[in-house]
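Chains, contacts and geometry: an overview
Spelled out, the chains give:
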Amino acid sequence: MENMQYAEELIREFLVFRGFTNTLQAFEMELGTDIGKSFQVDKILDLIFSVYIPKFHAEKLVGLLSFFKQCFSSSTEIALIATLLKLEVSILRYYVVYALQSGRKDKVVEFFGMNGNDLLQRSTEWTPWFAIPYLKNPSLDPQFRIYFSKEWHEALCLSARNFFSEIFNGTRIPALLKISSEKKTVNCLKKDAEQLNQKLSQLQTLLEEKEAQLCQMRMKTSSAASVMDTRLLKSKNSMSSNGLRKEDLHLTSIQQDCSPATPNLGGIKLDPEQAYGGQFETISGSIISESAHDSMSLSTLYVEGGVSAGNTQVLQEDSCDENGRDMPGEAFPEVKVNFQLLIGTADGGIKAWNVDAKRVVCDLNTGEAFPSVLDIKCSPVEPIFVSAAASRRNGSSYIDSLGFASLTVWNMKTWKAMTVLPLGEDPPAITSLCFNHNGKILAASATDGMIHMFDMSAGLQITGWPAHDSAISSILFGTDETSIFSLGLDGKVFEWSLQNPGQVLWSRDCQRFFDPKASRHCRHEMALDAHGRRLLVTSSSVKAPIYQVRGPLEGMKTLAHNAAITTVDWHPTLPIFLTGSADHSVRVSSIP
């Protein structure tokens, strides 16, 4: 409501600035009538079915429907406009039927007199309706009987409610109303920028202090070294005067150089340049270097470009042999990092497992409010990933025990949360995530059967639609990315158009392969082959189905395991697929 008022003030300001006083008066007049009823579905339905039709306000009814058509005349969604036109025809026909049932044939004649030409231009299907006022019993006529039934009226009301609910309670809002939200976002960004500038200033001051301290320490070290050289020279002169050989002097000098007066960290000796030329952390006897180009901490290590972004160096004690020569320490091979795995846990943890080092290199936490991590997906092009976490509540089933959702975007360089994607107030838990090929679009499915689409560059939801009557288990983009597939806990698979969101392109029912009890412990998944022609789905049985997308009903089954098939995947280019089972076996199969 706040956004609506702000938008209205902007319109008034613009009209006054341009001198459009007549338009301003018309705007104020129409604003007073509020013909759109602020897009509240119940009020709009009452206006149509409880006011305009019962009171035979045909002109206002036609005007209201024209208003809605004008609102969406610039919409690119052809299916939406087509549905609105069909709904308009049904509402106008109900007006005619209601007038005849009320014994007001004169209102029917008046209606056709006012709108007859327009109706005939739209469709020839209206031609038989011009004779309906002159029929003795139109409710018995086979051509009009259906429109006089109670079932048709109830279906019309339900269709109108669903349509307006989808339009006005969904994500389709005028761009003008987004200005207020964008203004708040800009203000928040300005505040964040000010705070960051203050923090930067503090860090610069601290850096200058540390540099001054470092300079003093270097000067002290240089002074100590000068004193040591003076004492050493005196010692050499003294020993020379006592008749020592030059070889002995040389040996003594080497032995003393092997143990200079340098700081000692846990038994690890550093030369002056190492001790005062950089900052170090001591980790169980190891020294980890930190410079301006790489940053490492006790619990983090990130990968960039397929190699380690920082180097861990193990420094050992300097040692000298009996002849005064340096003895090199044992060489430790450096771990080369190729890739890492992200793992979500039921206690709100996110662990990064380094495959080469075979250990956890980062341990994050989503917080006490969202302890259950349901899915994690990495961007295909950027060093970021998105985690879907949920709160907990009491419930008889696994889905019922999931509370509200949280979608967090993480930076894989700093291992810190970047932003939280908006889901609205008290959103249902998000069960599955999927990026498109360039990482600009993120799809998310929820326990209420909704599919949400996010613009990652703007961090905003761009569309969404109800896809299933139950929770969605898995979603994935089609190979050409003009569609998206969803797999529900009801065992139904749908392929949805991304050009016309909400339009089903293809569907299959694989409920016979689903066991609700097994779904509690293992989430059902699906996978597309490289050409997007075959869809492989996990199964509670020992065999999994392979469906032909937009093909005949007949499909195939995989080879049998000894237990349920819990994971599936396809080779990125070849007709080869993988099935993993709860019996701890994995099969790799090919299709001719």
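What counts and how
Residues numbered from 1 in each chain as written. Predicted model: local features only at pLDDT ≥ 70, side-chain atom pairs only at ≥ 80, totals over all residues. Heavy atoms only, no water. Pairing = 2+ DSSP bridges. Helix = DSSP H or I, 4+ residues; strand = E, 2+ residues; numbered from the N terminus. Axes fitted to C-alpha atoms, helices over the stretch in contact; angles between N-to-C directions. Salt bridge = Lys/Arg side-chain N within 4 Å of Asp/Glu carboxyl O. Buried < 20%, exposed > 50% of the residue type's maximum accessible area, 1.4 Å probe, protein only. Phe/Tyr/Trp six-rings, centres within 6.5 Å; stacked < 30°, edge-to-face > 60°. Lys NZ or Arg CZ within 6 Å of the ring centre and 35° of its normal. pLDDT = per-residue confidence, 0-100. Contact = heavy atoms within 4.5 Å. Core = buried A, V, L, I, M, F, W, Y, C linked by side-chain atoms within 4.5 Å. Parallel < 35°, antiparallel > 145°, perpendicular 65-115°, else oblique. Left-handed = near helix turned anticlockwise from the far one by under 90°. Patch = residues over 30% accessible without salt bridge, like charges linked within 9 Å, V, L, I, M, F, W, Y side chains within 5 Å. Areas by Shrake-Rupley, 256 points an atom, 1.4 Å probe, with all protein chains shown as cover.

Attention now moves to the sheet that holds strand 28 (residues 586–590). Taken together, three strands build an open sheet; the order of strands is 26-27-28 and the sheet is antiparallel. Taken across any chain shown, the strands that pair with only one partner, and hence form the sheet edges, are strand 26 (565–570) and strand 28. For this sheet, the mean inter-axis angle between neighbouring strands, taken without regard to orientation, is 20°. Alignment of strand 27 (residues 576–581) against strand 28, held across five bridges, turns out to be antiparallel. By the bridge assignment for strand 28, Leu-578 is matched with Val-588.

So, about the pattern of salt bridges. Scanning the entire structure with this criterion turns up 13 salt bridges. A salt bridge links Lys-107 to Glu-110, with the nearest nitrogen and oxygen atoms 3.7 Å apart. Within this pair, Lys-107 and its partner Glu-110 are both found in helix 6 (residues 105–122), separated by three residues, close to a single helical turn. The exposure class assigned to Glu-110 is partly exposed, which follows from its relative accessible area of 39%. Lys-351 is the partner of Asp-363 in a salt bridge, and the nearest nitrogen-oxygen pair spans 2.9 Å. Taken together, the residues span a long stretch of sequence, with Asp-363 in strand 9 (residues 359–365) and Lys-351 in strand 8 (residues 349–354) at a distance of twelve residues. Accessibility expressed as a relative area gives 45% for Asp-363, which makes it partly exposed.

Before going further, it helps to examine the packing of aromatic side chains. Considering all chains together, one arrives at 22 aromatic pairs under this definition. Pairing Phe-112 with Phe-130 gives two aromatic rings, centres 4.6 Å apart and planes at 35°, and the pair type is tilted. Of the two residues, Phe-112 sits in helix 6 while Phe-130 sits in the loop between helix 6 and helix 7 (150–168), which places them 18 residues apart along the sequence. Taking the relative accessible area as the measure of exposure, Phe-112 reaches 8% and is therefore buried. The lysine or arginine in question, Arg-93, covers the ring of Trp-126, its NZ or CZ lying 5.1 Å from the ring centre. Sitting above the plane of the Phe-56 ring, Arg-104 keeps its charged end 5.4 Å from the centroid.

Our next topic: the confidence of the model for the protein. Low-pLDDT stretches of the model should not have their predicted coordinates read in fine detail. Taken over all residues, the pLDDT of the protein has a mean of 77, while the share at 70 or more is 73%. Ranking the helices and strands of the protein by mean pLDDT puts strand 15 (residues 441–446) first, with 96, and strand 3 (residues 279–283) last, with 31. Residue range residues 239–337 is modelled with pLDDT below 50. Its contacts to residues more than four positions away, or to other chains, number 113 contacts.

Nonpolar side chains in soluble globular proteins tend to end up buried together. In this structure, Ile-48, Leu-61, Phe-111, Phe-112, Trp-129, Ile-132 and Phe-164 are the most contacted members of the largest nonpolar core, which totals 42 residues. Secondary structure elements with two or more residues in this core: helix 3 (41–52), helix 4 (58–71), helix 5 (78–101), helix 6 and helix 7. A total of eleven residues in this core trace back to one element, the largest contributor, which is helix 5.

Another point: the packing of helix 3 against helix 4. Contact geometry for helix 3 and helix 4: axes closest at 11 Å, N-to-C directions at 160°. Accordingly, the angle class assigned to the pair helix 3 and helix 4 is roughly antiparallel. As helix 3 runs across helix 4, the sense of the crossing is left-handed. Counted together, Ile-44, Leu-47, Ile-48 and Tyr-52 of helix 3 and Lys-60, Leu-61, Leu-64 and Phe-68 of helix 4 form the full contact between these two elements.

Residues other than glycine seldom take positive phi values, yet Lys-358 does so here, at roughly 55°. With respect to the helices and strands, the residue Lys-358 is situated in the loop between strand 8 and strand 9. Residue His-584 is not a glycine yet carries a positive backbone phi of 70°. Here His-584 lies in the loop between strand 27 and strand 28.

A contiguous nonpolar surface patch, about 320 Å² in accessible area, is contributed by Leu-341, Ile-343, Trp-353 and Val-360. Mapped onto the elements, Leu-341 comes out in strand 7 (residues 340–344). Of the residues examined, Leu-341 reaches a relative accessible area of 44% and is grouped as partly exposed.

So, about the sheet that holds strand 9. Within the open sheet, the three strands sit side by side as 7-8-9. Their pairing is antiparallel. With partners counted over all chains shown, the strands left at the sheet margins are strand 7 and strand 9, one partner each. In this sheet, adjacent strand axes meet at a mean angle of 20° when their direction is disregarded. Strand direction decides the pairing type here: strand 7 and strand 8, joined by five bridges, are antiparallel. Looking at strand 8, one finds that Ile-343 is bridged to Lys-351.

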